[in-house]
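Letter by letter, the chains look like this.
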Amino acid sequence: MIREIKKEELSDCLDLIHKAFKTVADQFGFTKENCPGHNSFMPMEKLENFWNWGFKMYGLFEEDSDRICGYLSLSKIPERENVIGLHNLCVLPEKRGKGYGNLLLDFAKEAARKMDGKILFLDFIDEHTKLKDWYLKNGFKFLGTEKYEHLPFTVGRAECVL
């Protein structure tokens with residue numbers, strides 16, 4: 001079941017984000033020193049800011065449990081009319097391989113449409129080819145990359161027409 005997150009659940013969401021993105025940090029050698037902004041190190045203040053800025057946050061809960069096992073958030077992109085940003089889509093490592101990522105992505109597309117979105121946009125680690133290929137297989141078009149000096153990876157950008 002996917003439902004909107006309540007403010008009192010932000011701590012559970014942050015715990016999930018840390019666990020889910022830790023596998024990526026480990027894979028690419030990210031640490032608090034070389035990539036402090038990576039989601040695996042996200043402080044509660046940042047997640048609370050997203051909440052306060054009006055991000056729509058959703059959690060995936062298994063039917064037999066009230067424990068969150070997947071997460072995503074959506075926000076309007078102010079500079080681009082009818083474009084919705086997809087943020088932090090993730091699934092607990094021990095719950096991967098069950099189709100939960102596809103379920104969350106399909107949900108995100110529908111939720112973005114309900115927000116008057118015509119395009120769903122996202123950034124990702126371009127070197128994470130498995131993830132990049134998954135998004136492309138699921139209807140996203142690759143837009144290109146951007147390199148930032150403060151990041152130890154290349155930022156890839158993609159969007160999906162809704």
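Worth saying up front: this structure is predicted, and the values here are computed from it rather than measured.

Caption draft 1: Quick look at the environment of Asp64. Here Asp64 lies in the loop between strand S2 (56-61) and strand S3 (68-76). A relative accessible area of 71% places Asp64 in the exposed class. When the C-alpha atoms of Asp64 and Glu94 are compared, they prove to be 16 Å apart, with 30 residues separating the residues in sequence.

Caption draft 2: Focus on the nonpolar core. Residues Leu47, Tyr71, Leu74, Leu86 and Leu120 are the most contacted members of the largest nonpolar core, which totals 43 residues. Ranked by the residues each element gives to this core, the list is headed by helix H1 (residues 10-28), at 7 residues. Residues in contact with Leu47, not counting those within four places in the same chain, are Leu10, Cys13, Leu14, Ile17, Met42, Met57 and Tyr71. Membership of the second largest hydrophobic core comes to 8 residues, among which are Val24, Leu151, Phe153 and Val155.

Caption draft 3: Broad picture of the pattern of salt bridges. One pass over the full model with this rule turns up 11 salt bridges. The shortest N-O distance in the salt bridge between Asp15 and Lys19 comes to 3.1 Å. Placement of the pair is Asp15 and Lys19 together in helix H1, with a separation of 4 residues, close to one helical turn. Under the relative-accessibility criterion, Lys19 is labelled partly exposed at 40%. The partner of Asp26 in a salt bridge is Lys22, with the nearest N and O atoms 2.7 Å apart. In this pair, Asp26 and Lys22 are both assigned in helix H1, 4 residues apart and thus about one turn of the helix distant. A relative accessible area of 45% places Lys22 in the partly exposed class.

About the thresholds
- Starting afresh in each chain, residues are numbered from 1 along the sequence in its written order.
- For this predicted model, a pLDDT threshold of at least 70 governs which residues receive local features, and a threshold of 80 or more governs which side-chain atom pairs are given and counted, while totals over whole chains, interfaces and linings are taken from all residues.
- Each side-chain value is worked out from all heavy atoms of the structure, with water and hydrogens disregarded.
- Secondary structure follows DSSP: runs of H or I at least 4 residues long count as helices, runs of E at least 2 residues long count as strands, and numbering of each begins at the N terminus.
- Buried, partly exposed and exposed residues are distinguished by accessible area as a fraction of the type maximum, computed with a 1.4 Å probe on protein chains only: under 20%, between the cut-offs, and over 50%, respectively.
- Here, nonpolar core means buried Ala, Val, Leu, Ile, Met, Phe, Trp, Tyr and Cys residues that are tied together by side-chain atoms lying within 4.5 Å of each other.
- When checking whether two residues touch, look at their non-hydrogen atoms; a contact exists if any pair is within 4.5 Å.
- Salt bridge, as applied in this entry: a Lys or Arg side-chain nitrogen positioned within 4 Å of an Asp or Glu carboxyl oxygen.

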